[in-house]
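Breakdown of the fold
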Amino acid sequence: MKAVEIITGGIFTDHRGKLTSLNDFRFDEVKRVYFLTHPDTSVVRGWNGHKREKKFFCCVKGAFALAVTEIADWEKPDAAAPAQIINLNENTSQIVCVSPGCANAMKALEPDSVMMVFSSNTLEDAAGDNYKFAADLWVDWEKLEALDI
C-alpha cells in the first residue's frame, strides 16, 4: 500500500539507559500532536478517515496493531478493500506515516499502551475532514488476536 510509509529510527542502550531516535522524521508537516492511551486491549479505536489530513503514529508505551486502508468512495466505502496491519511497540523506533485519503484503526496489544499521534492539520482544519466507520468494517480484530499479531 503506497499510502503508508514507515520511518525507522534507532535504539542505543548502555549503562546510562536507552536512547531512541527518529532522526529521519521531519516535523515540517506537523501542526499538532496528541497522545492516545488504551487501558483495555479489547477496545478498537477507529476507523477514522481523512481526505486531506496526514497522520503520523509512534508507539511510546506498550504495543499496538495499527490498521490502514485507502478509501476510494467516502460515501460507500468498499468493505472488501484490503487493510494493511502494522505492529508497533515501544521497543521499535518507528513512525508510521498515513497519507490523506486513508482510514485507520488501532487496538492496544498490551494494557495501558500509549500512541503518540502527529497531524498535518490544525484542530480547526481537521474538524471538517473526519470520517468515521464501523470498527469491524475492514479488519476482523478477533482473528488478529487468534493469530497473535
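Refer to the preceding data block for the structure.
Everything in this summary refers to the structure shown in the same document.

About the cut-offs
- Residues numbered from 1 in each chain as written.
- Predicted model: local features only at pLDDT ≥ 70, side-chain atom pairs only at ≥ 80, totals over all residues.
- Heavy atoms only, no water.
- Disulfide = S-S within 2.5 Å.
- Buried < 20%, exposed > 50% of the residue type's maximum accessible area, 1.4 Å probe, protein only.
- Helix = DSSP H or I, 4+ residues; strand = E, 2+ residues; numbered from the N terminus.
- Polar contact = N/O pair within 3.5 Å; in protein donor to acceptor, adjacent residues only side chain to side chain.
- Contact = heavy atoms within 4.5 Å.
- Salt bridge = Lys/Arg side-chain N within 4 Å of Asp/Glu carboxyl O.
- Pairing = 2+ DSSP bridges.
- Axes fitted to C-alpha atoms, helices over the stretch in contact; angles between N-to-C directions.
- Core = buried A, V, L, I, M, F, W, Y, C linked by side-chain atoms within 4.5 Å.

Let's talk about the state of the cysteines
With the rule as written, the count across this model stands at zero disulfides. In this model Cys58 remains outside any disulfide bridge; the closest cysteine sulfur is found in Cys59, 7.2 Å from its own. Note on Cys58: relative accessible area 7%, which makes it buried. The thiol sulfur of Cys102 is not disulfide-bonded, and the nearest other cysteine sulfur, from Cys97, lies at 12 Å.

A closer look at the side chain of Lys54
Secondary-structure assignment places Lys54 in the loop between strand S5 (44-50) and strand S6 (55-61). Here Glu29 takes part through its side chain, which lies 3.2 Å from a polar atom of the side chain of Lys54. Look past the residues within four positions of Lys54 in its chain and what remains in contact with it is Glu29, Cys97, Val98, Ser99, Pro100, Phe118, Ser119 and Ser120.

Some points on the pattern of salt bridges
Evaluation of the coordinates by the stated rule reveals five salt bridges. In this structure, Asp129 engages Arg52 in a salt bridge whose closest nitrogen and oxygen atoms are separated by 4.0 Å. With Asp129 in the loop between helix H1 (123-126) and strand S12 (131-132) and Arg52 in the loop between S5 and S6, this residue pair connects regions lying 77 residues apart in the sequence. The class for Asp129 is buried, based on a relative accessible area of 0%. According to the relative accessible area criterion, Arg52 is partly exposed, its value standing at 49%. By sharing partners, the salt bridges in this structure join Arg32, Glu53 and Lys55 into a single network.

Quick notes on the side chain of Gln94
With respect to the helices and strands, Gln94 occurs in strand S9 (residues 94-98). By relative accessible area, Gln94 is classed as buried at 15%. Not counting residues within four places of it along the chain, the set of residues in contact with Gln94 comprises Ile6, Ile7, Thr8, Leu22, Phe57, Cys58, Asn87 and Leu88.

Some remarks on the sheet that holds strand S1 (residues 4-8)
Strand order in the open sheet formed by five strands is S1-S9-S6-S11-S4, and the pairing between neighbours is antiparallel. Looking along the sheet, the strands with just one partner apiece sit at the ends: S1 and strand S4 (32-38). Within this sheet the neighbouring strands show an average axis-to-axis angle of 25°, counted without direction.

Let's talk about the nonpolar core
Phe57, Leu66, Val68, Leu88, Val96, Met106 and Met115 are the most contacted members of the largest nonpolar core, which has 17 residues in total. Counting residues in each nonpolar core, the second largest holds 13 residues, with Ala65, Ala67, Trp138 and Trp141 among its members.

Focus on the pairing of S5
In this sheet, strand S10 (residues 102-108) lies alongside S5 in antiparallel orientation, the contact comprising six bridges. Bridging from a neighbouring strand, Gly49 pairs with Ala103 of S10. Summarising the sheet, S5 and S12 pair through two bridges and their orientation is antiparallel. For Asn48, the partnering residue across the bridge sits in S12 and is Lys132.

Notes on the sheet that holds S12
Two strands in a sheet stick together by hydrogen bonds in their backbones, pointing the same way (parallel) or opposite ways (antiparallel). Strand order in the open sheet formed by five strands is S8-S7-S10-S5-S12, and the pairing between neighbours is antiparallel. Two strands lie at the open edges of the sheet, namely strand S8 (84-89) and S12, each paired on one side alone. Here six bridges tie strand S7 (residues 63-70) to S8, and the two strands are oriented antiparallel to one another. The residue bridging Ala65 from the neighbouring strand is Asn87, located in S8.

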